[in-house]
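Next come the chains, spelled out residue by residue.
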Amino acid sequence: MDHKATIRAIREINGVPSDFIPLHAPVFRGNELKYVSESIQSTFVSSVGKFVDEVEKWVARETHTSKAVAMVNGTAALHISLLLAGVQRDEEVLTQALTFVATANTIHYLHAHPVFLDVDRDTLGLSPSAVESFFEEFGERRGADVYNKSTGRRIAAILPMHTFGFMVHMDEMLRVSEKWGIPLVEDAAEAYGCEYKGKPAGTMGVVGAYSFNGNKVITSGGGGILVSKNEEMATHAKYITTTAKVPHPWEYVHDETGFNYRMPNLNAALLLAQMEVCDDLIKEKQLLFERYAEYFSKVGIQLLSPPETTTRWNYWLMAIQTENRAERDALLKATNEAGVMTRPIWKLMSELPMYKDCQTDSLTNSVFLEDRIVNIPSGVKG
Ligand SMILES: Cc1ncc(COP(=O)(O)O)c(C=O)c1O
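Computed from a predicted structure; not experimentally measured.

### Side note on the overall build of the protein
- If you tally the helices and strands in the protein, you get 11 helices and 16 strands.
- At 21 Å, the protein has a C-alpha radius of gyration in line with the 21 Å of a compact globule built from 382 residues.
- The principal-axis extents of the C-alpha atoms in the protein amount to approximately 65 × 60 × 35 Å.
- Within the protein, the fraction of its 382 residues that count as buried is 57%.
- Across the protein, every contact between residues at least 6 apart in sequence was considered, and the portion connecting residues at least 24 apart equals 71%.
- Per element, the accessible surface of the protein, about 16,200 Å² overall, is 52% carbon and sulfur.
- The centroid of the 38 positive side-chain charges in the protein is displaced by 3 Å from the centroid of its 48 negative side-chain charges.

As structure tokens, then:
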């Protein structure tokens, strides 16, 4: 790969001739200041307020779910999602090795064990056939439950993650989940605004979680939202993430161990303004992707995109596939030294010290992608 030409093209396509280009930066050009100021003027900057209610209503409406619950970040939303799906101490959750560390961490928060399986090359997300093969080899039905023959532990959930907003093959994943009777939780942290065959990301399993961290398509500064079609589950999510306080005019009565995971109203104010412009931002990101596609196809470099027949994409992070690990590293060095921020896809979870002893399958595709994928600047201009 001609690095100088690649850097020149990225700069030109982004309209940034010489300054530093970040991988992704938030854009505030709507009602952000207005709503944040309103929140400050109202003094409701903290745990309750109208903006929290409004973002929750907005997301429930957009995702056709009965209820959305706003939290401090996507990690918290995923932690609660797994808890509500019934994951308990010493149980197992099947997930992908190629993911951001929060996916695995939330399993560990519950003292459960991740099992790291392979991804599909086209979706970069958990492979339904890898999950099915795992069940065929290790699954042992005992009554309504399925145990892992090799560890003796109950398999409590399947946790696919929609990498960069590419949707996992959900029809097939749901079939495996139904066949084995294991609840599906979606890590949709990167996929707000995405759909799989018309169904919003995060809404196809029992529960799903989005992130609105500063690097996402839209942001609340820090924030996450849990969605579920199961109203009872979502209502319980709200209850336990707001300290499990029994309603009472003055008494502090808490009837289970709750969490203080609620999104502050100040952050929700920012998020509501971002929600209002989300579709426009996605359209602008699509234009950026199309400019990249035109250039990279001309020079024979593979720009990744999700399967068109299934995914409505939010164009969150764009990525190219290099020839091999050495080429990946050379590109990372050249671009970052030139002030064009690029990043490799994550290290596999099974390579991290705290997860190195977890069970895995061959991870053939995961290793292939880990060696080759580089994210390129994917933000729109402010
Ligand atoms: C796949 C994935 N899961 C979970 C999270 C956690 O979200 P947050 O950073 O909002 O805690 C992120 C990202 O930020 C993510 O990319």
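Don't stop here, the text continues.
### A word on the UniProt feature "active site" (unreviewed entry) in the protein
- Per the UniProt entry, the sites bearing "active site" (unreviewed entry) are Lys216 in this numbering.
- Overall, Lys216 belongs to the buried group, its relative accessible area being 11%.
- Excluding its chain neighbours within four sequence positions, the residues that come into contact with Lys216 are His24, Ala189, Glu190, Ser211 and Trp316.
- Among the polar contacts made by the side chain of Lys216, one reaches the side chain of Asn215 at a distance of 3.0 Å.

### With respect to the packing of helix 3 (residues 50-63) against helix 9 (residues 265-299)
- Contact geometry of helix 3 with helix 9 gives a least axis separation of 7 Å together with a crossing angle of 40 degrees. With respect to helix 9, the element helix 3 is oriented oblique. By crossing handedness, the relation of helix 3 to helix 9 is classed as left-handed. Between helix 3 and helix 9, the residues in contact are Lys50, Phe51, Val52, Glu54, Val55, Trp58 and Val59 and Asn265, Ala268, Ala269, Leu271, Leu272, Met275 and Glu276, respectively.
- When its residues are assigned to classes, the contact of helix 3 with helix 9 shows 10 nonpolar, 1 polar and 3 charged.

### As for the UniProt feature "modified residue: N6-(pyridoxal phosphate)lysine" (unreviewed entry) in the protein
- Mapped onto this numbering, the UniProt entry gives "modified residue: N6-(pyridoxal phosphate)lysine" (unreviewed entry) at Lys216.
- Position of Lys216 relative to the elements: it lies in the loop between strand 10 (207-211) and strand 11 (224-228).

### Some thoughts on the nonpolar core
- With 103 residues, the main nonpolar core has Val131, Phe135, Phe164, Tyr192, Ile218, Ile225 and Tyr292 as its most contacted residues.
- Among the elements that line this core, the one with the most residues is helix 9, at 14 residues.
- Once residues lying within four places of it in the same chain are set aside, the contact partners of Phe135 are Leu94, Val146, Ile155, Ile158, Val176, Trp180 and Ile182.
- Core analysis: the second largest hydrophobic core is formed by 26 residues, Met71, Leu82, Ile107 and Leu159 among them.

### Some details on the site of the ligand
- The full set close to the ligand counts 14 residues, and Gly74, Thr75, Glu190, Ser211 and Lys216 are the nearest of them.
- For the ligand, an oxygen atom lies 2.8 Å from a polar atom in the backbone of Gly74.
- Asp187 is positioned with one of its side-chain polar atoms (N or O) 2.8 Å from a nitrogen atom of the ligand.
- When the ligand sits alone it has 380 Å² of accessible area, and the protein chains cover 92% of it.

### Here we look at the sheet that holds strand 6 (residues 155-159)
- One open sheet holds the 3 strands; their spatial order is 3-2-6, and the pairing between them is parallel. A strand with exactly one partner marks an edge of an open sheet, and here the two such strands are strand 3 (113-117) and strand 6. On average, each strand axis in the sheet is tilted by 25 degrees relative to the strand beside it, whichever way the strands run.
- The pairing of strand 2 (residues 92-96) with strand 3 spans 5 bridges and is classified as parallel. Looking across to strand 3, one finds that Glu92 is bridged to His113.

Rules behind the numbers
- Residues numbered from 1 in each chain as written.
- Predicted model: local features only at pLDDT ≥ 70, side-chain atom pairs only at ≥ 80, totals over all residues.
- Heavy atoms only, no water.
- Helix = DSSP H or I, 4+ residues; strand = E, 2+ residues; numbered from the N terminus.
- Rg over C-alpha atoms; globule rule 2.2 N^0.38 Å.
- Buried < 20%, exposed > 50% of the residue type's maximum accessible area, 1.4 Å probe, protein only.
- Contact = heavy atoms within 4.5 Å.
- Areas by Shrake-Rupley, 256 points an atom, 1.4 Å probe, with all protein chains shown as cover.
- Lys, Arg positive; Asp, Glu negative; His and termini not counted.
- Charge placed at Lys NZ, Arg CZ, Asp CG, Glu CD.
- UniProt positions renumbered as here; feature names shortened; annotations may be inferred.
- Polar contact = N/O pair within 3.5 Å; in protein donor to acceptor, adjacent residues only side chain to side chain.
- Axes fitted to C-alpha atoms, helices over the stretch in contact; angles between N-to-C directions.
- Parallel < 35°, antiparallel > 145°, perpendicular 65-115°, else oblique.
- Left-handed = near helix turned anticlockwise from the far one by under 90°.
- Nonpolar A, V, L, I, M, F, W, Y, C, P; charged D, E, K, R; others polar.
- Core = buried A, V, L, I, M, F, W, Y, C linked by side-chain atoms within 4.5 Å.
- Near = heavy atom within 4 Å.
- Pairing = 2+ DSSP bridges.

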